[in-house]
Amino acid sequence: MSRSSPQALMLVDGYNVVGTWHDLKQVRDRDGLEEARRLLIEALTNYSAYHDFDTRLVFDSQYQDTGSKRDVITRNLAVHYTDFGQTADTFIEKTCAAFRNDLRKFHQRLIVATSDRAQQLTVVGYGAEWMSSEQLAVEVGNALIKVRSKKKPATKNSRRFLANSLDPVAQQRLSELRYGKGK
């Protein structure tokens, strides 16, 4: 079965987001960078699926002597680790430049999430939409609230009262006691 084209291609500057989101900064400082990355991946997995975005979370590997690496998390999320000597900014800029000449631009949005001001100006110059890391946090939170509200039952559960969980004979006996009919 073929998949329809996602609504948008979203590029996320991973370490910028980790350094901007209050909760992720606390996790990074307390439990380490790996745990903060894991939580960000989890949040973006849900957000990307909810909005049907093709999200690419980009982390710098510029100081590690390793080649680039791409981990596909879901059909909506892939994590990219840049080449040695390459920054996430460079990766994002190259992707924006390639997208500008891609026919997908006519039916798919390109969104870049970062709070790096220089990066913002560059990607907007390539025709991409810009979203601050703080705005992404708000969007992720709103999507989570919407998903949770859809899962709540529409009607109140009548079994939430103790009397409603009793068998009919016990309910009848309680009713009689309440109205003074039983002894």
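A brief structural summary. Along each chain, residue indices are assigned from 1 in the same order as the chain's sequence is written. In keeping with the model being predicted, local features are shown solely for residues with a pLDDT of at least 70 and side-chain atom pairs are shown and tallied solely at 80 or more, while totals for entire chains, interfaces and linings include all residues. Neither water nor hydrogens contribute to the side-chain values; these are computed over all heavy atoms in the structure.

Quick notes on the packing of helix 2 (residues 22–31) against helix 3 (residues 33–51)
To keep it simple, the criterion reads: Axes here mean lines fitted to C-alpha atoms, for a helix over just the part in contact, with angles spanning 0 to 180 degrees between N-to-C directions. By definition, any uninterrupted DSSP run of H or I lasting at least four residues is a helix, any uninterrupted run of E lasting at least two residues is a strand, and each is numbered from the N terminus. Here, residues are in contact when the closest pair of their heavy atoms is within 4.5 Å. Gly falls in the polar group here, along with every residue not listed as nonpolar (Ala, Val, Leu, Ile, Met, Phe, Trp, Tyr, Cys, Pro) or charged (Asp, Glu, Lys, Arg).
Where helix 2 contacts helix 3, the two axes come as close as 7 Å, and the packing angle between them is 150 degrees. Of the residues in helix 3, those in contact with Leu 24, Val 27, Arg 28 and Asp 31 of helix 2 are Leu 33, Glu 35, Ala 36, Leu 39 and Leu 40. Classifying every residue of the contact of helix 2 with helix 3 gives 6 nonpolar, no polar and 3 charged.

Overview of the layout of surface pockets
Stated formally: Both site types are read off a 1 Å grid over the protein atoms alone. A 1.4 Å probe that fits but cannot get out defines a cavity, while an open set with protein on both sides within 12 Å along at least five of seven lines defines a pocket; lining residues have an atom within 4 Å of a point. Grid points are joined across faces, edges and corners, and a volume is the space filled by probe spheres set on the points.
Each pocket or cavity is described by its volume, and for the largest pocket that value is around 530 Å³. Forming the walls of the largest pocket are 20 residues, and the residues nearest its centre are Trp 21, Ala 43, Val 140, Gly 141 and Leu 144. Counting only elements with at least two residues in the lining of the largest pocket, the list comes to helix 2, helix 3 and helix 6 (133–151). The element contributing the most residues to the lining of the largest pocket is helix 3, with 8 residues. Of the residues contributing to the lining of the largest pocket, the split by class is 14 nonpolar, 3 polar and 3 charged.

Quick look at the nonpolar core
To keep it simple, the criterion reads: The criterion is simple. A nonpolar core is a set of buried Ala, Val, Leu, Ile, Met, Phe, Trp, Tyr and Cys residues joined through side-chain atoms within 4.5 Å. For every residue, the accessible area (1.4 Å probe, protein chains only) is compared with the maximum for its type, and the residue is labelled buried under 20%, exposed over 50%, or partly exposed between those bounds.
Membership of the largest hydrophobic core comes to 26 residues, with the highest contact counts inside it found for Leu 40, Leu 44, Tyr 47, Leu 57 and Leu 136. Where this core is concerned, the elements lending two or more residues are strand 1 (8–13), helix 1 (14–20), helix 2, helix 3, strand 2 (53–59), strand 4 (77–81), strand 5 (109–113) and helix 6. Broken down by element, this core gets its largest block of residues, 6 residues, from helix 3. Every residue in contact with Tyr 47, bar those within four places of it in the chain, is listed here: Met 10, Phe 53, Met 131, Leu 136, Glu 139, Val 140 and Ala 143.

Considering the pattern of salt bridges
Rules: Any carboxyl oxygen of Asp or Glu within 4 Å of a side-chain nitrogen of Lys or Arg constitutes a salt bridge here.
The final tally for this structure, using the stated rule, is 8 salt bridges. With a shortest N-O distance of 2.4 Å, Glu 34 and Arg 37 are connected by a salt bridge. With Glu 34 and Arg 37 both in helix 3, this residue pair falls 3 residues apart, about one helical turn. Across the pair Glu 35 and Arg 38 runs a salt bridge whose closest N-O atoms are separated by 2.7 Å. Of the two residues, Glu 35 and Arg 38 both sit in helix 3, 3 residues apart, roughly one turn of that helix. Classification of Arg 38 as partly exposed rests on a relative accessible area of 40%. A single network of salt bridges, built from pairs that share partners, joins Glu 35, Arg 38 and Glu 42.

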